[in-house]
Amino acid sequence: MSQNRKSEELYKQACEVLPGGISRNIIYRKPFPNYAASASGCYISDIDGTKRIDFANNMAALIHGHAHPEVVEAVIQQVQKGTAFTLASEIEVRYAQLLTSRVKDFEKIRFVNSGTEAVMTMIKASRAFTGRPKIAKAEGTYHGTYDFAEVSQTASPANWGDINEPKSVPVAYGTPQGVLDDVVIFPYNDIERTIAILDRHAEQIACVIIDPVPHRVGLLQGTNEFILAIYNWTRKNGALLVFDEVVTFRVNYGGAQENYPVTPDITALGKMIGGGFPVGAIAGRTDVLKVLDLRQPDLKFPHSGTFSANPVTMTAGFKTMELIDRNAILKLNILTDTAISQIQEVIRQLDVPVSITGAGSMFRFHLMPVPPTTYREAYQTIEVRTLINELFDYLYFNENILMINTLTCMFSTAMTQKEIDKLTEGLFRAFKALKPKLEELQKK
Ligand SMILES: Cc1ncc(COP(=O)(O)O)c(C=O)c1O
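Trainee: Explain the nonpolar core residue by residue, including any values.
Mentor: Judged by nonpolar contacts, the single largest core of 76 residues is most densely connected at Ile-273, Phe-365, Leu-367, Met-403, Phe-411, Leu-423 and Phe-431. For this core, the element with the highest residue contribution is helix α11 (residues 326-350), accounting for 10 residues. Not counting chain neighbours up to four residues away, the residues in contact with Phe-411 comprise Phe-55, Asn-57, Ile-63, Arg-250, Leu-332, Leu-335, Thr-336, Ala-339, Ser-361, Phe-363, Ile-420 and Leu-423. Membership of the second largest hydrophobic core comes to 29 residues, among which are Ala-118, Ile-135, Ala-149 and Ile-282.

Trainee: Residue-level account of the sheet that holds strand β12 (residues 362-366), with values.
Mentor: In spatial order, the strands read β11-β12-β14; together these 3 strands make up an open sheet with antiparallel pairing. Only two strands of the sheet have a single partner each, and these edge strands are β11 (355-359) and β14 (408-410). Along the sheet, successive strands turn relative to each other by an average axial angle of 15°, direction set aside. Both β12 and β14 contribute to a ladder of 3 bridges, which runs antiparallel. Looking across to β14, one finds that Arg-364 is bridged to Thr-408. Packing of α11 onto the sheet brings it into contact with β11 and β12, and relative to β12 it is tilted by some 15°.

Trainee: How would you sum up the site of the ligand? Please name residues and give values.
Mentor: Around the ligand, the neighbouring residues are Ser-114, Gly-115, Thr-116, Tyr-142, His-143, Gly-144, Asp-211, Asp-244, Val-246, Val-247 and Lys-271. Gly-115 is positioned such that a nitrogen or oxygen atom in its backbone is 2.8 Å from an oxygen atom of the ligand. One nitrogen or oxygen atom from the side chain of Thr-116 is found 2.8 Å from an oxygen atom belonging to the ligand. For the ligand, the protein covers 80% of the area, taking 390 Å² as the surface of the free molecule. Residues belonging to the shell around the ligand are distributed by class as follows: 3 nonpolar, 5 polar and 3 charged.

About the cut-offs
- Residues numbered from 1 in each chain as written.
- Predicted model: local features only at pLDDT ≥ 70, side-chain atom pairs only at ≥ 80, totals over all residues.
- Heavy atoms only, no water.
- Core = buried A, V, L, I, M, F, W, Y, C linked by side-chain atoms within 4.5 Å.
- Buried < 20%, exposed > 50% of the residue type's maximum accessible area, 1.4 Å probe, protein only.
- Helix = DSSP H or I, 4+ residues; strand = E, 2+ residues; numbered from the N terminus.
- Contact = heavy atoms within 4.5 Å.
- Pairing = 2+ DSSP bridges.
- Axes fitted to C-alpha atoms, helices over the stretch in contact; angles between N-to-C directions.
- Near = heavy atom within 4 Å.
- Polar contact = N/O pair within 3.5 Å; in protein donor to acceptor, adjacent residues only side chain to side chain.
- Areas by Shrake-Rupley, 256 points an atom, 1.4 Å probe, with all protein chains shown as cover.
- Nonpolar A, V, L, I, M, F, W, Y, C, P; charged D, E, K, R; others polar.

This is the structure:
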């Protein structure tokens, strides 16, 4: 570890002042995390001098990679004019116009500061609109850390219960029983079971939350039939269909929702729309979002946030989204498809039991020959998790490739065929080196 001496030393100091030495669990790796020094485009350098290709892009938040010159220039100009005011700013209106013109069904939009806050605001708006207490969400989905939104995100064989009625499993110790009672859990993409479960709570459900390509479920795409069935159920039962597109907005020009024959009533956004800065937003039907309109005599959902729509985030987001037009999304998705084809070829050549799921500019590896179709199938045992970590470390240390620690790649427009070839070659060596272990895993 001597080549990571500076990171090792800094982590020791970090442990004195930060719980576990970190501020977000995702960046932790044993025995200590590396510390970033700088990043540009699709490359990131750490304080020990190693430069890596960045396929994580801050957990899908950086659609143009790091420090895009036009975004940087716009942000510098805004910072010099002030970073946050107790006044509205013009850029917030301009950015709202840009995003609402991008998606026909985004009639109104409200900005917040994170994906977690966006999902929380979406849930509270749904409750305020319908006057109902419960929400329904899929087992295993990650929607941020709001109490209600995180239920069953980490459900495991030890606690998930019968698939016909999955249990509401707390993530954090101390989660009140009342929270669990108000979250209805269903199995993603399983129409029959889901409708039966929803029916049992029909009059109490404010909204059904769908992530169209949920990363933690396995980066599986919601099927047309499933989304349509849920949409129809919500129409019949007076509930809202709400989408979490915090990650998946990158999938098409108008988000992953463009792939479906129905539109959600509200959509939560985040990550890439902040252009590298903290952000969240909810967008959707005017009549629903009226619950936030303080001009109403019976304001149903008073809502505020000190840094919401701050001009730095709005400026970075505006520039970023202007640059990621329909053509840029198409190009990025084609590049990602090329990468997947090259990697599929590697998997075939080496004959390793590995499969790939994903959509648009994102994909994830699974250590099984056929891709999983459900959360419970995709669930990683300790043995799987250990081998995934080994693969991650091989790529990270031997190939200078950074992925998300589930072995997921989120592409950026800064990438070219050169980086894809490096990824393919790196994966070839990694899969080859670990082939005996990959095969052994299948026998367990
Ligand atoms: C689908 C989804 N929703 C919500 C969130 C929460 O976003 P944030 O980390 O900005 O709070 C995330 C974060 O990874 C996410 O992946």
